[in-house]
Amino acid sequence: MAKGRQRGERGGSGSGSASGGGRAAAAGPLVGPVDGGTAELAPDRERANAWTLLIDGAPQSHVDLDDPRYLDFSYQRRIGHLIDLVAPARQPLNVLHLGGGAFTLARYTAATRPRSTQQVVEIDAGLVAFVRAHLPLDPQARVRVRTTDARAGLGKVPDGWADLVIADVFSGARTPAHLTSTEFLDDVRRVLNPTGWYVANLADGPPLAHLRGQIATAASRFGQLAMAADPVVWRGKRFGNAVLVAADRELPVAEFTRRVASDPHPGRVEHGRELAAFAGGAAPVADAAAVASPVPPPSVFR
């Protein structure tokens, strides 16, 4: 991943495997209005048919139409590791994606776990249409896209349906408050089967109060947690992404740690007592007290 992508990434993932679409090397940026602002697909000059999705100039996700297994953003690569580890290789999964973006992670799931059944919930209907038009989905992929609020869409999923719930929702540059609470996680637990995992893309900067609160909130609802982030984010030196995974069964922490440490931009995984110590006694967040995640500083996307 280019240095700028590493610094600017923060959210927006997606659905289905893709084929076709314009050749990035032969095209300039594609720009169009969406419900949440202005969307741009910027061609990746290093990969022939790959694009970066930006909303109002903020990077959301990256898609390689020729190789949906390629994950460019560090946070998406870390979630990709968890998609790989949640079940034996190539075993089909039921996956719920809260947040659509360019459908990157569901494309990855469809490519690595054929016959998976996936639901994507994305509130921005204009964005869904824009992405479908320029980065078409594989019609053979079993992906359903619902254009509604993430929590409302979550509420329509049957009990125990999901092997994996991935939350990657940003309104502007912030995770909405109603997707940060214990009540939200109660509904996530309802949707997950007993061995399922909850995975969230979080973003925060010093003093990391949002991350600490989200760890405490997840710990109040799940028995096992782990979180991956860049060392500078862990130390509170820079605003950035952290990937949280929570479950009620033992997590493959050693293998997740090895993969994250071996990434092009190595990260660090914390779990158990170390993660609890990092949370520092933060209290779980209820709906009544929930607030959106912090606004990134302007320097993040430079």
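Just above, that's the structure.
Notes on the structure in this doc start here. (Residues numbered from 1 in each chain as written. Predicted model: local features only at pLDDT ≥ 70, side-chain atom pairs only at ≥ 80, totals over all residues. Heavy atoms only, no water.)

Regarding the sheet that holds strand E7 (residues 142–146)
Link 1 in the chain: One open sheet accounts for 8 strands, arranged E7-E6-E5-E8-E9-E11-E10-E12; its pairing is mixed. The two strands at the open ends of the sheet, each matched to only one other strand, are E7 and strand E12 (268–271). On average, adjacent strands in this sheet sit at an angle of 15° to one another, irrespective of strand direction.
Link 2 in the chain: As defined by bridge partners, strand E8 (residues 162–167) adjoins strand E9 (residues 192–204) across 5 bridges and the pair is classed as parallel. When the sheet's bridge partners are listed, Leu164 is paired in E9 with Trp197.
Link 3 in the chain: The strands that helix H9 (residues 253–261) touches are strand E10 (224–229) and E12; relative to E12, the one it contacts most, it runs at about 160°. (Pairing = 2+ DSSP bridges. Helix = DSSP H or I, 4+ residues; strand = E, 2+ residues; numbered from the N terminus. Axes fitted to C-alpha atoms, helices over the stretch in contact; angles between N-to-C directions. Contact = heavy atoms within 4.5 Å.)

Some points on the pairing of strand E5 (residues 94–98)
Link 1 in the chain: Taken across its 5 residues, E5 has 4 buried, putting it largely inside the fold.
Link 2 in the chain: Looking at chain direction, E5 and strand E6 (residues 117–121) are connected through 5 bridges and run parallel. By the bridge assignment, Val95 is partnered in E6 with Gln118.
Link 3 in the chain: The handedness of the E5 to E6 crossover, carried by helix H3 (residues 104–112), is right-handed.
Link 4 in the chain: Alignment of E5 against E8, held across 4 bridges, turns out to be parallel. Its bridge partner lying in E8, Leu98 is registered against Ala167. (Buried < 20%, exposed > 50% of the residue type's maximum accessible area, 1.4 Å probe, protein only. Right-handed = clockwise from strand over helix to strand, strands pointing away.)

Structural notes on the sheet that holds strand E3 (residues 50–55)
Link 1 in the chain: One open sheet accounts for 4 strands, arranged E1-E2-E3-E4; its pairing is antiparallel. Two strands lie at the open edges of the sheet, namely strand E1 (30–34) and strand E4 (58–64), each paired on one side alone. On average, each strand axis in the sheet is tilted by 20° relative to the strand beside it, whichever way the strands run.

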